Amino acid sequence: MKKNLKSVLTTMLLAFCCLAFGQEITVTGTVTDDLNGPLPGANVVVKGTTNGVQTDFDGNFTITADSNATLVISYLGYTTKEVPVNGQTQLTISLAENTSNLDEVVLVGYGSVKKSDLTGSVASVDADDLNAIPVSSIDQALQGRASGVSVIQNSGIPGAPTTIRIRGTNSIQGGNKPLVIVDGFPVVGGLDGINPADIESIEILKDASSTAIYGARGTNGVILVSTKTGKEGRFSIDLDSYYGIQEQAKKLDLLNAQQFVEIANERAVNDGEAGPYFPNASAVSNTDWIDELFDASPVQSHTITLTAGNERIKTSQSFNYFNQDGILKNSGFERATFRNNTEAKMSDWLTIANSLILSRSDRQYSGDGGNRAVSEAHIASPTEPVYNADGTYNNITENDYSDLDYAPGALDNPMKWINEYDDEILSTRIFDNFYGLFTLAPGLTFKSSIGVDYTTTQTKRYIGRELLDGAPAGKAFRGSTESYSLLNENILNYNKEFGAHRIDAILGYNWQKFRSTFISASSFDFVTDLLGAEVLQDGASPQVPRSGNTEWGLASLLGRVNYSYMDKYLFTVTARSDWSSRFAEGKQRATFPSAAFAWKVSNEDFMENVDWISNLKARLSWGVTGNQAVSPFQTWSSVESAPVVLGGALGVGFIPGSPANPDLKWETTEQYDFGLDFGLANNRLRFTFDYYYKKTTDLLAQVNLPSSVGFISITQNIGEMENKGLELSIDANVVDNEDFSWDSSFQLSRNRNKVLKLSRGADIFPGRVTNLISDFHIIREGLPISTFYGYVNDGYTDEGQNQFLDIGGSDSEGNFVPGPDGEINENDRRVIGSPHPDFTFGLGNTFTYKNFSLNVFLEGAQGFDIVWGRKFILRNSFQRGANQLTEVLNRWTPTNTTNASSPIISQTNDFRGSSEFVEDGSYIKIRTINLAYNIPTDKFSWLNNAQVYINAQNLFTFTNYSGYDPEVSAFGDGDLRLGVDNNVYPSTKVISMGLRVGI
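Reading the values: rules and limits
- Here the residue index of a chain counts from 1 through its sequence in written order.
- For a predicted model such as this one, the threshold for reporting local features is a pLDDT of at least 70, and the threshold for listing and counting side-chain atom pairs is 80 or more; totals across whole chains, interfaces and linings nevertheless cover every residue.
- Think of the side-chain values as coming from all heavy atoms in the structure, minus any hydrogens and water.
- Strands are runs of DSSP state E lasting at least two residues, helices are runs of H or I lasting at least four, and both sets are numbered from the N terminus onward.
- Radius of gyration here is computed from C-alpha atoms only, and the compact-globule reference equals 2.2 Å multiplied by the residue count raised to the power 0.38.
- Under the scheme applied here, a residue whose accessible area is under 20% of the maximum for its type counts as buried, over 50% as exposed, and between as partly exposed, the area being computed with a 1.4 Å probe on protein chains only.
- Contact definition: two residues touch when any of their heavy atoms are within 4.5 Å.
- Here the positive residues are Lys and Arg and the negative ones are Asp and Glu; neither His nor the chain ends is included.
- Here the site of a charge means atom NZ of a Lys, CZ of an Arg, CG of an Asp or CD of a Glu.
- At least two DSSP bridges between two strands are needed for those strands to be called paired.
- Fitted lines through C-alpha atoms serve as axes, helices being fitted only where they are in contact, and the angles separating the N-to-C directions of these axes extend from 0 to 180 degrees.
- Whenever two N or O atoms come within 3.5 Å, that pair is a polar contact, provided that in protein one can donate a hydrogen and the other can accept it, and provided that, for residues adjacent in sequence, both atoms are side-chain atoms.
- Two rings belonging to Phe, Tyr or Trp (six-membered ring only in the last case) form a pair when the distance between their centres is within 6.5 Å. Interplanar angles under 30 degrees mark stacking, angles over 60 mark edge-to-face geometry, and anything in between is tilted.
- When the NZ atom of lysine or the CZ atom of arginine is within 6 Å of a ring's centre and also within 35 degrees of its normal, the charge is said to sit over that ring.
- One side-chain nitrogen of Lys or Arg within 4 Å of one carboxyl oxygen of Asp or Glu is enough to make a salt bridge.
- Within this scheme, the nonpolar core is defined by two criteria: the residues are buried Ala, Val, Leu, Ile, Met, Phe, Trp, Tyr or Cys, and they are joined through side-chain atoms within 4.5 Å.
- One number per residue, pLDDT, summarises how confident the predictor is, and it ranges from 0 to 100.
- Here a helix's expected span is defined as the number of its residues, less one, multiplied by 1.5 Å.
- What makes a patch is a set of residues exposed beyond 30% relative accessible area and free of salt bridges, joined within 9 Å when like-charged and within 5 Å when nonpolar (Val, Leu, Ile, Met, Phe, Trp, Tyr).
- Using a 1.4 Å probe, accessible areas were evaluated by the Shrake-Rupley method; residue-level cover was limited to the displayed protein chains.

## Thoughts on the overall build of the protein
Point 1. For the protein, the helix and strand inventory stands at seven helices and 53 strands.
Point 2. In terms of overall dimensions, the protein is globule-like: its C-alpha atoms have a radius of gyration of 33 Å, near the 30 Å expected for 999 residues.
Point 3. Referenced to the eigenvectors of the C-alpha coordinate spread, the extents of the protein come out at roughly 140 × 65 × 65 Å.
Point 4. Put simply, the protein has 999 residues, and 51% of those count as buried.
Point 5. Residue pairs in contact within the protein that sit at least 24 positions apart in sequence constitute 69% of those at least 6 positions apart.
Point 6. Here the protein contributes 78 positively and 116 negatively charged side chains, and the mean placements of these two sets differ by 7 Å.

Structure below.
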């Protein structure tokens, strides 16, 4: 009886356990992303146990679990999901991309960390947001995407470079470009040879703690770019293709023929000329030269990517073809790119990998890079036809007013610059980086890499005899440049976690060598223009060829330690010692240290019950970076060739070129940064705030020398400069429902630049804006670099002439004396504007409804000025017979004295570099609008994903600036004449349609 009772009790107990804990069952399922694509390698674990599996190539899994268990599914870059089994044997689980990004792994110098463990200031840009934008280089689409990063498109010409600044301008002559690292290699040529669709991730290192690991090259910030790699367990073929139409974003309001005639004839009367220049106004032509030169043009890009991988080998290859015709006829940019990333695990202790990019590009410029064609199209008389009746070019300088003293002088028919000028640049680029990763012990690895960035460029230019510059019989130029950068890096990495402690340390040695050579030749006077620059020997007047080379080297020791205690207190210490061949012996070595601390306040015990704060981290960093801001050989004396006569024969000799300065040393920048990372409501609302202060000392610049020395100038360390600013980023998952979501991001940046010290306190004038306007910029102690400096317009005289503010004079010794002196001269110039904005911003919103998504991105800058250099010609009261802006129609006349916005139409008017040509450049741009539809792929087992989209770029610009585009930099990168608009190729707006398909 007792035995039976025991059996009954045991049976009842087992039944109770089964009821309490459920029965063990086999669960099968599929894990996908939010586009229904399979996620191979996703982790599926029974919660509270070590029982887990990974999904296969198709995202499928099979696991044994209790019927009442909960499965935890995780995948890198996606939000971890818990799914109750509830007795189900078949599950389909979709993971959403990680919105908090705190567990996202981001790149830092020579390694990677979780975003939550960052101690420095690092901005991440989602490459997927940029891929649909029709640009030749990814840097053209970065504007407004990251706080503290300014990107300016220098020109609308296809393939034109950009000017990028991270936290302001640090140097006068040493260059302010950030360092660009592609797949671990510091490239020389920037991003122009890399297909935007190949980019996996972009990180921007801003503070000294992040950039000091790059020492002498990290002062201006660092952009880390990773290209796509193979994925384990996945084989796919992806197509990314778009086609678009470009149009001129804005057209200037120039005088038409009848208005031109009116102004020309009025000029004759005002200046007492004999009679009207156009006595028969109805007989003139009416030519819109801008319409003749510009036209809508296509842009297209097509990328095919092959991705494959298993536990041993992962590979990704892609081929891209990009073609952009310019809106200026006969201009364009074409490029073909091949990329191969392959990683092979040779054994448990050795992994090798190679990153290879091959590109070939062809830039076709028209009208001297657009400058001559565009400028002469603006000033050409609209009364002149393009062609004569017999089809030949109309010589527009032989017109009804060519014999007058105010008519344009050497002016070509603008269409000649389109058809009779050839300028082509062919570039081939090879980027290859190979590394071996050795696992020496648990947590200890050694990585050695060697890479090369090789570029060869061929330039061909021919100026036909029809052009004044090509007279009398054509001119041809050929040039060839070859450059390479060779890099070897050796990095020892130790990573260990023990208890509450985690340490990640690196120690490395790098060396890099750069060499560039060039040769050029030219010839004049050809029998025919048909062969262009192909056969120089056919020219009757060959010119003296030129050639040269330059090279430099850099060797470095580096180290960094990241330490974490209790996942609350994070420390980073970095040091790098660089040796540069650019400096003289004794000045070649410099060391750049940094330190950073971060406190994860939200991980403290006292924050446990503060549920509304998901993340709170404070960051503090300090560091020193350098700039080898001199060209090679500037510490040596140089000589230059010169013609000499020896024994009655002409020969070649040498004369002193520039003096030596062996005391040149590194520019150094010390930077402090304080930051806060703040997350609310399970990190659906995230804030990042930074305040920084940078001070650059030992600024390098050209210093003028007394004429008695025999040299004009010498490079010296002469000054100091500071930058300080605020950065704010806000990201929000405003709505996150099953059918509808709304994600928003906002970036705001404010930087203040000031020159603190110059040699002997003397001002520096960087140079003229145009040949007709004197120096318009000044570098002066106490002012921002490249401040605008000139005369102040003060209305008009009683005769309608320009009038300028009289603010001072000078005493007998030449010292400035404030107060009017009745004379307008150099003493009356003052600060009249600044090219530096008060703040810049970017605002992006993405709305998703079922399979539809809409992304709208706005970007802008407020509180900065632009010098419109070309306005000096286009609104100069018809002084030289050039066409004018319609603004001059509201000119001063005896009956319009109070409301006039332009002076009297007269050759006698006084025009100077003044506030008249400085305009507010503040703007807001609707940079991109992207509408996409994700095609359901449920019924197509072979189709992973499919998307069609339409994209609008630069659709609207809201600004009071009267020029083409307030986003302009006529003198390009590395020049101190900032904020100038002068003969710039107009920007475009683009409407494109695209397709993405993955199988």
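From this point, things continue past the structure.
## Quick notes on the environment of I999
Point 1. By the element assignment, I999 lies in the segment after β53 (988-998).
Point 2. Residues I999 and L179 lie 820 residues apart in sequence; the distance between their C-alpha atoms is 37 Å.
Point 3. The residues contacting I999, other than those within four sequence positions of it, are F235, S236, I237, W942, L943 and N944.

## Concerning the sheet that holds strand β7 (residues 90-94)
Point 1. Taken together, three strands build an open sheet; the order of strands is β4-β1-β7 and the sheet is mixed. Every interior strand has two partners, whereas the edge strands, β4 (60-66) and β7, have only one. This sheet shows a mean twist of 35° between the axes of neighbouring strands, independent of strand direction.

## Here we look at the side chain of S580
Point 1. In this structure, S580 sits in strand β28 (residues 569-580).
Point 2. Using a relative accessible area of 0% as the deciding quantity, one classes S580 as buried.
Point 3. A polar contact is formed between the side chain of S580 and the backbone nitrogen of R582, at a distance of 3.2 Å.
Point 4. In this view, S580 contacts G553, L554, Q588, Q628 and W666; residues no more than four positions away in its chain are not counted.

## Details of the packing of aromatic side chains
Point 1. Under the criterion given, the structure shown has 30 aromatic pairs.
Point 2. A connected cluster of aromatic rings, assembled from ring pairs, spans F260, F278 and F878.
Point 3. Its end group placed over the ring of F857, R145 keeps NZ or CZ at 3.8 Å from the ring centre.
Point 4. Over the aromatic face of Y791 sits the side chain of R912, whose NZ or CZ is 5.0 Å from the ring centroid.

## Remarks on the pairing of strand β50 (residues 923-934)
The side chains of a regular strand alternate between both faces of the sheet.
Point 1. When strand β47 (residues 852-862) meets β50, the two strands line up antiparallel, connected through 10 bridges. Counted as the bridge partner of A861 is Y923 from β50.
Point 2. As paired elements, β50 and strand β51 (residues 945-959) share 11 bridges and run antiparallel to each other. Opposite I929, over in β51, you have A952 as the bridge partner.

## Details of the pattern of salt bridges
Here the idea is simple: oppositely charged side chains can pair when their charged atoms come close.
Point 1. Across all of its chains, the model carries 46 salt bridges by this definition.
Point 2. Of the charged contacts, one joins D529 and R465 as a salt bridge, the two residues approaching to 3.1 Å between their closest N and O atoms. Remark: R465 occurs in the loop between β23 (444-463) and β24 (475-498) and D529 occurs in the loop between β25 (501-524) and β26 (541-542); sequence separation between them is 64 residues.
Point 3. Classification of D529 as partly exposed rests on a relative accessible area of 22%.
Point 4. Since its relative accessible area comes to 28%, R465 is described here as partly exposed.
Point 5. Residues E551 and R515 are paired through a salt bridge, measuring 2.4 Å at the closest nitrogen-oxygen approach. Residue E551 is located in strand β27 (residues 546-565), and its partner R515 is located in strand β25; the two are separated by 36 residues in the primary sequence.
Point 6. Accessibility expressed as a relative area gives 30% for E551, which makes it partly exposed.
Point 7. The exposure class of R515 is partly exposed, given its relative accessible area of 26%.
Point 8. In the salt-bridge network here, residues are joined through shared partners; they are R167, K206, K617, R619, D673, D677, D690 and E727.

## Focus: the pairing of β47
Point 1. Across 11 bridges, the pairing between strand β46 (residues 839-849) and β47 is antiparallel. If you follow F839 over to β47, its bridge partner there is Q862.
Point 2. The turn joining β46 and β47, which pair antiparallel and follow one another in sequence, is formed by two residues; a positive phi near 50° is taken by K850.

## Here we look at the nonpolar core
Point 1. The biggest cluster of nonpolar side chains holds 41 residues, and the ones touching the most others in it are L252, L293, F294 and L328.
Point 2. Among the secondary structure elements, those contributing two or more residues to this core are α4 (289-293), α5 (371-379), α6 (414-419), β22 (421-441), β48 (865-868) and α7 (871-874).
Point 3. Considering each element in turn, this core owes the most residues, four residues, to α5.

## What about the confidence of the model for the protein?
Point 1. With 94% of its residues at a pLDDT of 70 or more, the protein has an overall mean of 87.
Point 2. Per-residue pLDDT stays below 50 along residues 402-407; that stretch engages in 17 contacts with residues further than four places along the chain or on separate chains.

## So, the sheet that holds β48
Point 1. The sheet built from three strands is open, its strands ordered β49-β48-β52 with mixed pairing. Unpaired on one side and paired on the other, β49 (918-920) and β52 (980-981) mark the two borders of the sheet.
Point 2. The pairing of β48 with β49 spans three bridges and is antiparallel. Across the sheet, residue D865 finds its bridge partner in β49, namely D920.

## Concerning the side chain of K694
Point 1. Along the chain, K694 turns up in strand β34 (residues 685-704).
Point 2. As a buried residue without a salt bridge, K694 has its nearest oppositely charged side chain in E727, at a separation of 8.2 Å.
Point 3. Here the side chain of K694 touches R167 through a polar contact of 2.9 Å, landing on its backbone oxygen.
Point 4. Other than its neighbours up to four places away in sequence, K694 contacts I166, R167, N170, T219, T669, E670, Q671, M721, E722 and N723.

## Digging into α5
Point 1. Most of α5 is tucked away, with seven of its nine residues classed as buried.
Point 2. Taken residue by residue, α5 has A373, V374, S375, E376, A377, H378 and I379 as its buried positions.
Point 3. Each element contacted by the buried residues of α5 is listed here: α4, α6 and α7.

## A look at helix α3 (residues 257-270)
Point 1. Over its 14 residues, α3 runs 20 Å from end to end, which matches the ideal 20 Å to within 8%, given 1.5 Å per residue.
Point 2. The backbone nitrogen of Q258 lies 3.2 Å from a side-chain oxygen of the residue at the head of α3, namely N256.

## Description of a nonpolar patch on the surface
Point 1. Where nonpolar side chains cluster on the molecular surface, the patch consists of F57, F235, I237, L239, I304, L306, I935, F940, W942, V948, L995 and I999 and spans about 990 Å² of accessible area.
Point 2. Listed by contribution, the elements that provide at least two residues to the nonpolar patch are β17 (236-248) and β18 (297-309).

## A few points about unusual backbone geometry
Among all residues save glycine, negative phi is the norm, and among peptide bonds the norm is trans.
Point 1. With an omega of 5°, the peptide bond between A471 and P472 qualifies as cis.
Point 2. Although it is not a glycine, D567 adopts a positive phi angle of roughly 55°.
Point 3. In this structure, D698 is a non-glycine residue whose phi angle is positive, near 55°.
Point 4. Looking at the element boundaries, D698 is found in strand β34.
Point 5. Given the relative accessible area of 24%, D698 is considered partly exposed.

## A look at the environment of S137
Point 1. Position of S137 among the secondary structure elements: in the loop between β10 (122-125) and β11 (149-153).
Point 2. C-alpha of S137 to C-alpha of D192: the two residues are 55 residues apart in sequence and 5.1 Å apart in space.
Point 3. Apart from residues no more than four positions distant in its own chain, S137 is found in contact with L191, D192 and P196.
Point 4. Side-chain polar atoms of S137 contact the side chain of D139, separated by 2.5 Å.

## Considerations on the environment of I327
Point 1. Inspection of the secondary structure assignment puts I327 in the loop between β19 (313-325) and β20 (332-345).
Point 2. It is 51 Å that separates the C-alpha atoms of I327 and D821, two residues lying 494 residues apart in sequence.
Point 3. In this view, I327 contacts Q246, E247, Q248, L293, F294, D295, S297, Y985, P986, S987 and T988; residues no more than four positions away in its chain are not counted.

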